[in-house]
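# Results of the structural survey
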Amino acid sequence: MIKLRVPATTANMGPGFDVIGLALDLYNTFTFALDDGDCDKESMIYEAAKVVFDKAGASMEKFSYRVDADIPIARGLGSSATCIVGGMVGANELLGVPFTQDEILKMASDFEGHPDNVAPALLGGCVISLPAGDGVVYRKINNIDNFATIAAFPDFDLSTAKARAALPKSLSYADTVSNIGHMGFLIHGLETADTEALFFGLEDKIHEPYRSKLIAGYDVMKTLEEVHKGRVLISGAGPTLLFVTEKSADLEAIKRDWEKISESLDAAWDIRILHITTTGVEILENA
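Structure report, in brief. (Residues numbered from 1 in each chain as written. Predicted model: local features only at pLDDT ≥ 70, side-chain atom pairs only at ≥ 80, totals over all residues. Heavy atoms only, no water.)

## A few points about the sheet that holds strand 9 (residues 269-274)
Filter applied, for reference: The criterion for strand pairing is that DSSP finds at least two bridges linking the strands in question. To qualify as a helix, a DSSP run of H or I must reach at least 4 residues; to qualify as a strand, a run of E must reach at least 2; elements of each kind are numbered from the N terminus. Lines fitted to the C-alpha atoms define the axes, with helices restricted to the stretch that makes contact. Angles between their N-to-C directions range from 0 to 180 degrees. Here, residues are in contact when the closest pair of their heavy atoms is within 4.5 Å.
On the basis of which strands lie adjacent, the open sheet formed by four strands has the order 7-8-6-9 and antiparallel pairing. If you trace the sheet from one side to the other, it starts and ends with strand 7 (231-234) and strand 9, each paired once. With strand direction ignored, the average angle separating the axes of adjacent strands in the sheet is 25 degrees. The pairing of strand 6 (residues 147-154) with strand 9 spans six bridges and is classified as antiparallel. Within the sheet, the bridge partner assigned to Ala 151 lies in strand 9 and is Arg 272. The strands that helix 10 (residues 251-262) touches are strand 6, strand 7, strand 8 (241-246) and strand 9; relative to strand 9, the one it contacts most, it runs at about 165 degrees.

## So, the nonpolar core
Applicable threshold: Take the buried Ala, Val, Leu, Ile, Met, Phe, Trp, Tyr and Cys residues and link them wherever side-chain atoms come within 4.5 Å; each set so joined is a nonpolar core. Burial here depends on accessible area, computed with a 1.4 Å probe over protein chains only, as a share of the maximum for the residue type. Under 20% is buried, over 50% is exposed, and the range in between is partly exposed.
Membership of the largest hydrophobic core comes to 36 residues, with the highest contact counts inside it found for Phe 32 and Phe 63. Those elements that provide at least two residues to this core are strand 1 (2-11), strand 2 (20-34), helix 1 (44-56), strand 3 (63-69), helix 2 (79-94), helix 3 (101-112), helix 4 (118-123) and strand 5 (135-141). Among the elements that make up this core, the one with the highest residue count is helix 2 (eight residues). Apart from residues no more than four positions distant in its own chain, Phe 63 is found in contact with Phe 32, Ala 33, Leu 34, Asp 35, Gly 37, Cys 39, Tyr 46, Ala 49, Phe 53 and Leu 94.

## Some points on the packing of aromatic side chains
Condition: Centre distance within 6.5 Å is the pairing criterion for rings of Phe, Tyr and Trp, where only the six-membered ring of Trp is used; planes under 30 degrees apart are then read as stacked, over 60 as edge-to-face, and the remainder as tilted. Placement of a charge over a ring requires the Lys NZ or Arg CZ to be within 6 Å of the ring centre, with the centre-to-atom vector within 35 degrees of the ring normal.
Under the criterion given, the structure shown has nine aromatic pairs. Ring-pair connections join several aromatic residues into one group, and the members of that group are Phe 30, Phe 32, Tyr 46, Phe 53, Phe 63 and Tyr 65. The residue whose ring lies beneath Arg 5 is Tyr 27, and the NZ or CZ to ring-centre distance is 3.8 Å. Cation over ring: Arg 272 sits above Phe 153, and NZ or CZ is 4.6 Å from the ring centre.

## Re the state of the cysteines
Covalent bonding between the sulfur atoms of two cysteines defines a disulfide. The cut-off we apply is this: Whenever a pair of cysteine sulfur atoms sits within 2.5 Å, that pair is classed as a disulfide.
On inspection of all chains with the given rule, the structure shows zero disulfides. Between Cys 39, a free cysteine, and Cys 83, which holds the nearest cysteine sulfur, the sulfur-to-sulfur gap is 13 Å.

## Some words on helix 3
Let me state the cut-off plainly: The span you would expect from a helix comes to 1.5 Å times its residue count less one.
The first and last C-alpha atoms of helix 3 sit 16 Å apart over 12 residues, in line with the 16 Å expected at 1.5 Å per residue. Those residues of helix 3 lying buried are Ile 104, Leu 105, Met 107, Ala 108, Ser 109 and Glu 112. Residues of helix 3 that are buried make contact with helix 1, helix 2, helix 4, strand 4 (126-132) and strand 5. Two residues or fewer after helix 3 comes Gly 113, characterised by a positive phi angle close to 105 degrees.

## A short note on the environment of Ala 237
Looking at the secondary structure, you find Ala 237 in the loop between strand 7 and strand 8. The exposure class of Ala 237 is buried, given its relative accessible area of 9%. On a C-alpha basis, the gap between Ala 237 and Lys 140 in space is 22 Å, while along the polypeptide they are 97 residues apart. Setting aside residues up to four positions removed in sequence, Ala 237 forms contacts with Gly 76, Leu 158, Thr 160, Ala 163 and Arg 211.

## Observations concerning the packing of helix 1 against helix 2
For clarity, the cut-off: In these notes the angle categories are as follows: under 35 degrees is roughly parallel, over 145 is roughly antiparallel, 65 to 115 is roughly perpendicular, and the rest is oblique. Here a crossing is called left-handed whenever its near helix is offset anticlockwise from the far helix by less than a right angle, and right-handed whenever the offset is clockwise. Ten residues, namely Ala, Val, Leu, Ile, Met, Phe, Trp, Tyr, Cys and Pro, are considered nonpolar, four, namely Asp, Glu, Lys and Arg, are considered charged, and the remaining ones, Gly among them, are considered polar.
The N-to-C vectors of helix 1 and helix 2 enclose an angle of 40 degrees; their axes lie 7 Å apart at closest approach. It follows that helix 1 is oblique to helix 2 by the angle criterion. Helix 2 is crossed by helix 1, and the crossing has right-handed handedness. Only Ser 80, Cys 83, Ile 84, Gly 87, Met 88, Ala 91 and Asn 92 of helix 2 make contact with helix 1, whose side of the interface consists of Met 44, Ile 45, Ala 48, Ala 49, Val 51, Val 52 and Phe 53. When grouped by side-chain class, the residues that make up the contact of helix 1 with helix 2 number 11 nonpolar, three polar and no charged.

## Points about the pairing of strand 2
Moving residue by residue along a regular strand, the side chains alternate between the two faces of the sheet. In terms of burial, strand 2 is a largely internal element, 13 of the 15 residues being buried. Bridging between strand 1 and strand 2 involves 10 bridges; their strand directions are antiparallel. Note on strand 2: the bridge partner recorded for Pro 7 is Tyr 27. Pairing between strand 2 and strand 4: three bridges, direction antiparallel. Directly across from Ile 20, in strand 4, lies its bridge partner Ile 128.

All we've got here are geometric facts, nothing functional implied.
Set out below in structure tokens:
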């Protein structure tokens, strides 16, 4: 029996569309076994595990799983990535670890279509990743102790498919250059603890202006930037919003102020302080 947990993730971080992600301390917990227990064979968890079993040439006749989910579905916090990573790592452990971490990352990226969520879910921390050749090239940014995050979950969801459909078919040179420049400042800010560069670097021109129109209350929630130092950004495909600020800030005061701002909206917003975790998938029990 294998029990493991996988952290929530926020992807994109402004201009880092499909290439940068961050692990947060909210988790889905999975238990896997080789027994006669029942499980949903149509689920993403089963399908992800099947990729590993098939690649290893092993039978799934006695495969079962259970999941305890704390990450909300279709909110832009990588719930699907936890199912993919959890299913693949659980299967790999059950089979005696025939595949390396990098091989699991490649399989997970192929399954998801891009590695921005699965990479931090697997590895933890802040990860830049990109499919290349026969694998995924990635680097972890380790100096991430200078900033903190506060997440706002609305009581409505937004499918990734709908969020993708809202994106333009082409981009202007101006918007493309803007994103390249802001991505440079974002990486510099992350690596050097330069919060001024970090906040400046979180500006995006290629997905947030389009997806924000799908999030009722976005403009109102964005006014938090007028009250506190930091940036509001869309977490993944949304609709969850993330406020990135300095770790030394009064996070409880920011949370209270954001709650007050949200009270004027029709939707209910659950606002939580989420800490960055440098630990990715974690084996809790192996028996």
